[in-house]
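# Architecture at a glance
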Amino acid sequence: MTDIIQLLPDHVANQIAAGEVVQRPASVVKELLENAIDADASEIKLIIKDAGKTLVQVIDNGKGMSVTDARLSFERHATSKIKSAEDLFQLNTKGFRGEALASIAAIAHVELKTKRPDDELGTAITIEGSQVKSQEVSVTPTGTSVAVKHLFFNIPARRNFLKSDTVELRHITDEFHRVALAHPSIAFKFYHNGSEMFHLPNENYRQRVVHIFGGRTNEKLVPVEEETEVLKISGFVGKPEYSKKTRSEQFFFVNQRFIKSPYLNHAIGAAFEGLLKDGYHPSYFLNLTVDPKTIDINIHPTKTEIKFDDEHTLYAILRSAVKHSLGQFNIAPVLDFEHQSSLNTPYSYKDKRVNTPAIEVDRSFNPFVDDAKPSRRAQQHTSFKKASTASWESLYVGLESRGNNTKDDFSEVTFESDSKTESIFSNTSIETSKTTFQLQQKYIVSTLRSGMLIIDQNRAHQRVLYESFLKHITIKEATSQQLLFPLQLHFTPNESKIITDLKTDLEHTGFVFSDVTEEGITITGVPVGVPESEVSIILEQLISDVESDVPDANFSAADLLAKSMAKSLAIKNGQSLNNTEQEHLLNSLFACKEPNVSPTNRPTFITMTTDDIEKKFM
Ligand code: ADP
Ligand code: MG
C-alpha cells in the first residue's frame, strides 16, 4: 500500500488559514486598524469602497517598518509583538499571531507603503494571492498605508457568500465603532465611497461616545467608576429610560479590547433589575482594566471572547458598581434595591397614567467646550449637588427629576414597567345578549353555527393592520394627519440610514418627513390613527426589526415595514375591548385576504365544533 498523506501546497494552506482570520471585509478592517494602533499611531484613516468589496485601506502615522520588516510582515507567524511563549501572558498589543497580513495577502491584492520616522525613503510592496509582484523604494509619508483590493478574488465561493453592501457596511461600521471607542485619544477618519462617515478628533471618552452615537447620547449617560485591586471600571451606562430594543449599544472593553461576554452582560442586567421594560436592553460603554496575567485572550480566533481567571468576582464588582451609579444619580432608589416594585404598588396608583421621568436638557450646552462658565440651568441645580462634583456632572444638566420629593421619584421609576397592568377591579360588564365576549383580555370568543370560535386578539389585529399597511404602501394613497408641532427624533447614523432606506415606503403609510439627516429625523405628519406618542416606539421597533432580520435576496422593505408597524400598533394582550370593538375586530379579520394566520404565520384563531365539545363530556 502506498502512503496517502501529502503536505498541502503553501498557497492552499494559506487560503485555508485565511478563511479563519478573514470572514468578510469587516475582518480586514479590524486587523488593519489594530495593526495601526499597535504601531502607536495618533491618527488613523479608514477608506472603504463598495462596502469593502473593492477597497479597504488604512493609513496611519505610526512607527512604520524597515525594508526587511515590510517584506517579513507578510510571512505567516511573522510578528514583532511576542518573542517567547511567556509574552503571551503579558500582552499589551492587539495582534500577536502574526497571521493577519499573511492571510489577507493570500486572498486579495495588497499594496503596502511604509516609512519609519527617521528614514528618508520608504518601501512599497504589492502582493497578489501571496505572490510578491513588486517591491520598490518609495517616497511616502511616515507611517503605514495598507490597501486591500478585490477581496476573495481567488475564492469565488467566498465572494459570492458576501451579503449586500448595506449589510457588509454595517459590519464594517460595527468594527470601526469598537476600535474607535476603545481608543478615544486616537483621531479617526472614516470614508465610504468618497463621503465622510466619521471624523473623530483626539477626545475624552464621553465625547467619543457622543460623537459616535449622536447628539442625544450625552444626556443619557451615567458615569460608572470603580477601582479595586483586581479590576478597574470606567465608562458609562445609559439611563433606564433610554434603554433600547436592540443590543446595539452594549460595549465591554477589557484592556482596550472589545469583548463579548454574556456573563458580564448578565451582571449589568442584574444591576438594572426592575428598571427596564420587558424586551428592552440597557446601553453600556464600559472599560475594564485587569492584569493581563489574569486573562486568556487566546481561546477564540477572532478574539472577541476572553477567559477571566476569576469571573465571579468581576461579576459582583461590576454589578455593584453599576447599581451604585444608578442609585447615586437618583435613577434607582438607593436603599431599596432588592424591593419588588410590583409588591408595593398602592391601589390608588393602579390606574394612574405613568409619568415619564422628567428630564430637562440644556440644549444650549456644548459638551465640547471647557466648562468654565456653568450654564444657567446648571447653576440652578447646584444646591442638589454634592460638593465633590466632578466636571463631567455639569455635562448632563437636569439629571435630577423635576420635583425633589423622593417618594415621587421612586414611583416614577418603579411604575414604568407596570403601565400595562390593568386594575383587578376593572370590569367589562358582561351582557349576555352579545354574540362575542372577551376571555382573559386576550381572546375573543364567538359562536359559529357549527360550534365555537376563539380569536387571539393580538395576532388577529396584527393581520388586519398588516394587510391595510401593505395595501397603503403598494397603492400609495395613505392619508396622514398633520402634527401640531414637528416631532424631532434623534438616531445614530446607522439607524438614520435604515430610516432613509425605508423613507419612501414610510411615506406611503402616511408619514411625512421634513428632514432626514445622519443625526435624526423631523416628522411633520403621521399615518391616521397612529398616536404621536407611539411614533418613536414604532420607528425603534422598525429599526430593531431591520437590524435583526438581516436582509437577504427576497427581502421586501414594504413587507417588513408593514409587519413591524402592525406589531407595534396591534391591540395587545391584556387590553380590554368593549363589544363593539370585539365585533369590529372579528369582522375586519374575516375581511382579510389571509385571516387564518398572523403576519408571522401563526394561527389567529381556532374553532371547536359541537362534536369536539361533546367528546370532552364523554
Ligand atoms: P500581528 O499583528 O499579529 O503581529 P500582522 O500580520 O497583523 O501580525 O502583522 C505582522 C507584523 O507587521 C506586525 O507584528 C508588525 O510588526 C508589522 N506591521 C503590520 N502592520 C503595521 C503597521 N500599520 N505599522 C507598523 N508595523 C506594522
Ligand atoms: Mg495584526
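Check the entry above for the structure.
Residues numbered from 1 in each chain as written. Chains lettered and ligands numbered in written order. Predicted model: local features only at pLDDT ≥ 70, side-chain atom pairs only at ≥ 80, totals over all residues. Heavy atoms only, no water.

## Some thoughts on the sheet that holds strand E3 (residues 109–115)
- With mixed pairing, the eight strands of this open sheet are ordered in space as E5-E4-E3-E6-E2-E1-E7-E8. Strand pairing shows two members of the sheet lacking a second neighbour, strand E5 (131–138) and strand E8 (195–200), which therefore form its edges. This sheet shows a mean twist of 10° between the axes of neighbouring strands, independent of strand direction.
- Across the face of the sheet, helix H6 (residues 165–182) comes into contact with strand E1 (43–49), strand E7 (187–192) and E8 while running at roughly 175° to E7.
- Where helix H7 (residues 205–213) meets the sheet, it contacts E7 and E8, and its direction lies at approximately 165° from that of E8. (Pairing = 2+ DSSP bridges. Helix = DSSP H or I, 4+ residues; strand = E, 2+ residues; numbered from the N terminus. Axes fitted to C-alpha atoms, helices over the stretch in contact; angles between N-to-C directions. Contact = heavy atoms within 4.5 Å.)

## What about the pairing of strand E21 (residues 520–527)?
- Here E21 lies mainly inside the structure; eight of its eight residues are buried.
- Bridging between strand E20 (residues 512–516) and E21 involves four bridges; their strand directions are antiparallel. By the bridge assignment for E21, Val516 is matched with Ile521.
- Turn length for the E20-E21 hairpin, with the two strands adjacent in sequence and antiparallel, is three residues. (Buried < 20%, exposed > 50% of the residue type's maximum accessible area, 1.4 Å probe, protein only.)

## Some remarks on empty space enclosed by the protein
- Applying the stated rule across the entire model yields five cavities of 30 Å³ or more.
- Of the voids in this model, the second largest cavity is the one considered here, and its volume is about 120 Å³.
- Lining the second largest cavity are 14 residues; nearest its centre among them are Glu34, Arg178, Val179, Arg257 and Phe258.
- Residue assignment for the lining of the second largest cavity shows that the elements contributing at least two residues are helix H2 (25–38), H6 and strand E12 (257–259).
- In terms of residue count, H6 provides more of the lining of the second largest cavity than any other element does, four residues in total.
- Residues that form the lining of the second largest cavity fall into these classes: four nonpolar, three polar and seven charged.
- Counting residues domain by domain, the lining of the second largest cavity receives three or more from each of domain 1 (10–200) and domain 2 (212–328). (1 Å grid on protein atoms, 1.4 Å probe; cavity = no way out; pocket = protein on both sides within 12 Å on 5 of 7 lines; lining within 4 Å. Points joined across faces, edges and corners; volume = space filled by probe spheres on them. Nonpolar A, V, L, I, M, F, W, Y, C, P; charged D, E, K, R; others polar. Domains from an automatic or database assignment.)

## Describing the packing of aromatic side chains
- Across all of its chains, the model carries 15 aromatic pairs by this definition.
- Judged by centre distance (6.0 Å) and plane angle (65°), the rings of Phe251 and Phe258 are edge-to-face.
- Its relative accessible area of 12% is what places Phe258 among the buried residues.
- Each residue in the set Phe213, Phe251, Phe253, Phe258 and Phe285 is aromatic and connected to the rest through ring pairs, giving one cluster. (Phe/Tyr/Trp six-rings, centres within 6.5 Å; stacked < 30°, edge-to-face > 60°.)

## Points about unusual backbone geometry
- Of note, the phi angle at Gln440 is positive, near 55°, even though the residue is not glycine.
- Mapped onto the elements, Gln440 comes out in the loop between strand E16 (436–439) and strand E17 (443–448).
- Using a relative accessible area of 68% as the deciding quantity, one classes Gln440 as exposed.
- The backbone of Gln441 shows a phi angle near 50°, a positive value even though the residue is not glycine.
- Tracing the backbone through its elements, the reader meets Gln441 in the loop between E16 and E17.

## Concerning the nonpolar core
- Of all hydrophobic cores here, the largest spans 59 residues; its most connected members are Val148 and Phe188.
- Lining this core are residues from two domains, each supplying at least three of them: domain 1 (10–200) and domain 2 (212–328).
- Apart from the residues within four sequence positions on either side, Val148 is in contact with Val28, Leu32, Thr54, Leu55, Val56, Ile104, Ala108, His109 and Val110.
- Ile82, Ile268, Leu288 and Val290 belong to the second largest nonpolar core, which has 35 residues in total. (Core = buried A, V, L, I, M, F, W, Y, C linked by side-chain atoms within 4.5 Å.)

## Points about the pairing of E1
- Residues of E1 alternate between two faces, with Ile44, Leu46 and Ile48 buried on one and Glu43, Lys45, Ile47 and Lys49 left unburied on the opposite face.
- Pairing of E1 with E7 involves six bridges; the strand directions are parallel. If you follow Ile48 over to E7, its bridge partner there is His192.
- As paired elements, E1 and strand E2 (residues 55–60) share six bridges and run antiparallel to each other.

## Focus: the site of ligand 1
- Taken together, 18 residues surround ligand 1, and among them Asn35, Thr79, Ser80, Lys81 and Gly98 come closest.
- Contacts to ligand 1 include Thr79, whose side-chain N or O atom sits 2.6 Å from an oxygen atom.
- A distance of 3.2 Å is found between a nitrogen atom of ligand 1 and a side-chain nitrogen or oxygen belonging to Thr144.
- Coverage of ligand 1 by the protein amounts to 92% of the 530 Å² it exposes when considered alone. (Near = heavy atom within 4 Å. Polar contact = N/O pair within 3.5 Å; in protein donor to acceptor, adjacent residues only side chain to side chain. Areas by Shrake-Rupley, 256 points an atom, 1.4 Å probe, with all protein chains shown as cover.)

## Quick word on the environment of Ile172
- Inspection of the secondary structure assignment puts Ile172 in helix H6.
- Residues Ile172 and Val29, spaced 143 residues apart in sequence, show a C-alpha to C-alpha distance of 6.7 Å.
- Once residues lying within four places of it in the same chain are set aside, the contact partners of Ile172 are Pro25, Ala26, Val29, Leu46, Ile48, Ala51, Gly52 and Phe190.

## Considerations on the packing of helix H13 (residues 457–475) against helix H14 (residues 493–509)
- Where H13 contacts H14, the two axes come as close as 7 Å, and the packing angle between them is 110°. In terms of orientation, H13 lies roughly perpendicular with respect to H14. For the pair H13 and H14, the sense of crossing is right-handed. Residues Phe469, His472 and Ile473 of H13 lie in contact with H14, whose contacting residues are Asp505, His508 and Thr509.
- Tallied by class, the residues present in the contact of H13 with H14 amount to two nonpolar, three polar and one charged. (Parallel < 35°, antiparallel > 145°, perpendicular 65-115°, else oblique. Left-handed = near helix turned anticlockwise from the far one by under 90°.)

## Brief notes about the sheet that holds E16
- If you trace the four strands from one edge of the open sheet to the other, you get E16-E17-E18-E22, paired in antiparallel fashion. The open sheet has two free edges, formed respectively by E16 and strand E22 (605–609), since each of these has just one partner strand. Direction aside, neighbouring strands of the sheet carry axes that sit 25° apart on average.
- Judged from the five bridges that link them, strand E18 (residues 451–456) and E22 form a sheet pairing that is antiparallel. In the sheet register, Ile454 faces E22, and the bridge partner there is Ile606.
- Across the sheet, H13 lies against E16, E17 and E18, angled at about 70° from E18, the strand it touches most.
- Against the sheet, helix H17 (residues 579–590) touches E16, E17, E18 and E22, its axis set at about 100° to E16.

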